[in-house]
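Structure assessment
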Amino acid sequence: MATAMELATAVAGVVAKHCTDVVMSPGSRNSPLAYALLARRDITVHMRIDERSAAFTALGLARVQRRHVGVVMTSGTAVANAYPAMIEAHMSHTPLAVISADRPERLVGTGASQTIWQQGIFGRYAETQQVADEAAAEAISFDAGQVHINVALDTPLVPDALLEPVGEPRRVGPGVLARGALAGSRTGFVDHGVVDIDLTRDTLVIAGDEAWEVPGLEHVPTIAEPTAPTPFHQVHPLAARFFAQSEVAISHDGGDFAASTKPEQVVVVGHPTLHRDVMALLADPDITVIGLSRTDTFTGQPDLHGSRVNATGQPTDTWIKICEAAGEVGADTVRQALAEEQFGFTGLHVAAAVCDTLAVGDTMVLGASNPVRDASFVGMPFDGVDTYAARGAAGIDGTVSQAVGVALATQALRADEIRAPRTVALVGDLTFLHDINGLLIGPDEPRPGNLTIVVANDDGGGIFETLEPAAEPVRDVFERAFGTPHGVVVEKQALAYGANYRRAESLAELHQVLLELEAEPDGITVVEAVTTRETRRALAQRLAK
């Protein structure tokens, strides 16, 4: 029977074959794993006090690396703290490996301290691989995208002396998986076959998260979400209202004309989720919907589906002009609204400032709710900017931790650059406060050298101002149940966690702060943009018109 250290050493050896990084939280039961992993020179270990933050930091690392990143924790509820990150990993097809320490099976169900039923804890999101001996350790598989390795460790847990270092330091690039690929599959992605598409029919592409550049569709007008590749003919998402109508009067290049604007077919690439008007096109019975996916998931219920296209013909000049004109109306509407003083300084203004100050080579992390939608409204995606957002389950969970993970992975991949590459995260105040522990990084741990976290602080849930709960008939309970003002002093929170702090109360101030941080980065800086949500509903209505 192997000792706990022998078993942990065997597990660490297998992990090293698949992971370059692990994020670990302290504990007693997982101490053999800690000793074994810290002895490996071919693994970078990141320590985090909070298991939930650890799991989301690993998820951020994995989004960039496109390979498994390990999360290591002790037994009991520590394991359950990784559940939200595992769900997001599963839904976004991002590789993630939870390596949990457990008590010997004889203690499960006996009331032993920190002992729960860990086998199968992640349900359908990850199958548990139970490891109680070296043979089971050697059989560990990383074939699935999401992996749970549950290691039963018996006492004694601490070796007589520290282990001798093993392995050699390594610097590796991102994994072989392309974006939109099913992480962990042997082939890299799921191939659902070829779909024939006649592009002489009026065709619109909707590209969401996990989208890729589909050969044959390069010149088709495309509504692209911020995390999708930048299309050649990019169409603003507000134009979806035009495409829902059979005929619209359009002004373009100095002329006015009536045009048939409803597409005959829509091609959905990846996993779009952001805009209701865009998603409504998928439910239009007059439009043929073609779904393209390289994972096991298709958005909606497409009439046809595949992973590749056999495209014939080309979009007509008339259709291209219609899409360009509709897109210009959408983009112009946003910029005109931003210039109107009646709306004050809103989260949409913050997104505009952030996006206007991005440069080629920057990396962007977008929080859920308003920030990712606002970024879409002001023109993202951009060429040369890698953009990440949690669109699998589309929650605000762990966004700060993921931003830290993305920044760490990005600077590790570009370690030869004179200064750390720039990562900018745009989040709302509730998203920031929900995961402020993501800033809790020990003094001896790898730290991002150039991470700016812009917090659009409207003191509550601004996303709900644009939704049904903000309507007048039910407005009386809005503030308590949906607005949820908090009154937190963001500066004190940021400084308490060792981050730098800057403040902006106007669009001009925010521009200036961001340009200064671009010129002279200083580790992790939290930029609080003090905004209003009182005008968000009116602003949304202005954009809709």
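About the thresholds
Residues numbered from 1 in each chain as written. Predicted model: local features only at pLDDT ≥ 70, side-chain atom pairs only at ≥ 80, totals over all residues. Heavy atoms only, no water. UniProt positions renumbered as here; feature names shortened; annotations may be inferred. Helix = DSSP H or I, 4+ residues; strand = E, 2+ residues; numbered from the N terminus. Rg over C-alpha atoms; globule rule 2.2 N^0.38 Å. Buried < 20%, exposed > 50% of the residue type's maximum accessible area, 1.4 Å probe, protein only. Contact = heavy atoms within 4.5 Å. Areas by Shrake-Rupley, 256 points an atom, 1.4 Å probe, with all protein chains shown as cover. Pairing = 2+ DSSP bridges. Axes fitted to C-alpha atoms, helices over the stretch in contact; angles between N-to-C directions. Core = buried A, V, L, I, M, F, W, Y, C linked by side-chain atoms within 4.5 Å. Salt bridge = Lys/Arg side-chain N within 4 Å of Asp/Glu carboxyl O. Parallel < 35°, antiparallel > 145°, perpendicular 65-115°, else oblique. Left-handed = near helix turned anticlockwise from the far one by under 90°. Arc of directions from axis to C-beta.

Identification of the chain as 2-succinyl-5-enolpyruvyl-6-hydroxy-3-cyclohexene-1-carboxylate synthase from Corynebacterium coyleae is taken from an unreviewed UniProt entry. The record in UniProt for the chain states the following under Catalytic activity (unreviewed entry): "isochorismate + 2-oxoglutarate + H(+) = 5-enolpyruvoyl-6-hydroxy-2-succinyl-cyclohex-3-ene-1-carboxylate + CO2". UniProt lists a comment for the chain under the heading Sequence similarities (unreviewed entry), and it reads "Belongs to the TPP enzyme family. MenD subfamily."

**Brief notes about the overall build of the chain**
In terms of regular secondary structure, the chain is built from 17 helices and 21 strands. For 545 residues, the compact-globule estimate of 2.2 N^0.38 gives 24 Å, and the chain sits close to it at 25 Å. Across its three principal axes, the chain shows a C-alpha extent of roughly 85 × 55 × 50 Å. For the chain, buried positions account for 54% of its 545 residues. For the chain, long-range pairs separated by at least 24 residues make up 74% of all intrachain contacts whose partners lie at least 6 apart in sequence. When the accessible surface of the chain is split by element, carbon and sulfur atoms take 51% of a total near 22,600 Å².

**Digging into the sheet that holds strand 2 (residues 44-47)**
The strand order across the open sheet formed by six strands is 2-1-3-4-6-5, and the pairing between neighbours is parallel. Both edges of this open sheet fall to strand 2 and strand 5 (128-131), since each of them pairs with a single strand only. In this sheet, adjacent strand axes meet at a mean angle of 20 degrees when their direction is disregarded. Both strand 3 (residues 70-73) and strand 4 (residues 96-102) contribute to a ladder of four bridges, which runs parallel. Of the residues in strand 4, the one forming a bridge with Val72 is Ile99. Packed on one face of the sheet, helix 1 (residues 4-18) meets strand 1 (21-24), strand 4, strand 5 and strand 6 (146-152) and runs near 165 degrees to strand 6. Across the sheet, helix 2 (residues 31-38) touches strand 1, strand 2, strand 3 and strand 4, and the angle it forms with strand 1 is around 145 degrees.

**Looking at the sheet that holds strand 13 (residues 288-292)**
Strand order in the open sheet formed by five strands is 9-8-12-13-14, with parallel pairing between adjacent strands. Strands at the two margins of the open sheet, each flanked by one partner only, are strand 9 (222-224) and strand 14 (304-306). Each neighbouring strand pair of the sheet contributes to a mean axis angle of 15 degrees, computed without reference to strand direction. Where strand 12 (residues 265-269) and strand 13 come together, five bridges link them in parallel fashion. The residue bridging Val267 from the neighbouring strand is Ile290, located in strand 13.

**Focus on the nonpolar core**
Inside soluble globular proteins, nonpolar side chains tend to come together where they are buried. One finds Val71, Phe122, Phe432, Leu439, Ile453 and Val526 to be the most contacted residues of the largest nonpolar core, which totals 47 residues. Ranked by residues supplied to this core, first place goes to helix 3 (residues 51-65) with eight residues. Discounting residues that sit within four places of it in the chain, Val526 has contacts with Phe432, Leu439, Ile453, Val455, Val490, Ala494, Ala499, Asn500, Tyr501 and Arg502. Of all hydrophobic cores here, the second largest spans 37 residues; its members include Leu274, Val334, Ala353 and Val378.

**Considerations on the pattern of salt bridges**
Counted according to the given criterion, the structure contains 22 salt bridges. Among the salt bridges present, the one from Asp154 reaches Arg106, with a minimum N-O distance of 2.9 Å. One end of the pair, Asp154, is in the loop between strand 6 and strand 7 (194-198); the other, Arg106, is in the loop between strand 4 and strand 5, with 48 residues separating them in the sequence. For Asp154, a relative accessible area of 29% gives the class partly exposed. Given the relative accessible area of 56%, Arg106 is considered exposed. Two residues, Arg475 and Glu465, come together in a salt bridge whose shortest N-O distance is 3.1 Å. Remark: Glu465 occurs in the loop between strand 19 (450-457) and helix 14 (478-483) and Arg475 occurs in the loop between strand 19 and helix 14; sequence separation between them is ten residues. Arg475 gets classed as partly exposed once you look at its relative accessible area, which sits at 26%. One connected set of salt bridges, linked through shared partners, spans Glu465, Arg475, Glu479 and Arg533.

**Some words on unusual backbone geometry**
Looking along the chain, the bond that leaves Thr155 and enters Pro156 is cis, with omega of 0 degrees. Mapped onto the secondary structure, Pro156 falls in the loop between strand 6 and strand 7. For Ala394, which is not glycine, the phi torsion reads 60 degrees and is therefore positive. With respect to the helices and strands, Ala394 occurs in the loop between strand 17 (386-389) and helix 12 (399-413).

**As for the packing of helix 10 (residues 347-356) against helix 11 (residues 370-377)**
At a closest axis distance of 9 Å, the pairing of helix 10 and helix 11 adopts a crossing angle of 60 degrees. Between helix 10 and helix 11, the angle falls in the class oblique. Seen from above, helix 10 lies across helix 11 with right-handed handedness. Taking contact as the criterion, the partners of Gly347, Leu348, Ala351 and Cys355 in helix 10 are, on helix 11, Asp374, Ala375 and Phe377.

**Re the environment of Thr410**
Tracing the chain through its elements places Thr410 in helix 12. Each C-alpha atom of the pair Thr410 and Gly270 lies 23 Å from the other, and the pair is 140 residues apart in sequence. Not counting chain neighbours up to four residues away, the residues in contact with Thr410 comprise Val64, Thr363, Pro421 and Thr423.

**Observations regarding helix 17 (residues 536-544)**
Three or four residues apart is the spacing at which side chains of an α-helix point the same way, because the helix has 3.6 residues per turn. Those residues of helix 17 not exposed but buried are Arg536, Leu539 and Leu543. On an axial view of helix 17, the arc spanned by its buried residues comes to 60 degrees, and they lie on one face. Buried residues along helix 17 sit in contact with helix 9 (317-338), helix 10 and helix 11.

**Some remarks on the side chain of Ser376**
By the secondary structure assignment, Ser376 is in helix 11. Its relative accessible area of 1% is what places Ser376 among the buried residues. Excluding residues that lie within four positions of it along the chain, Ser376 makes contacts with Pro226, His236, Pro237, Leu274 and His275.

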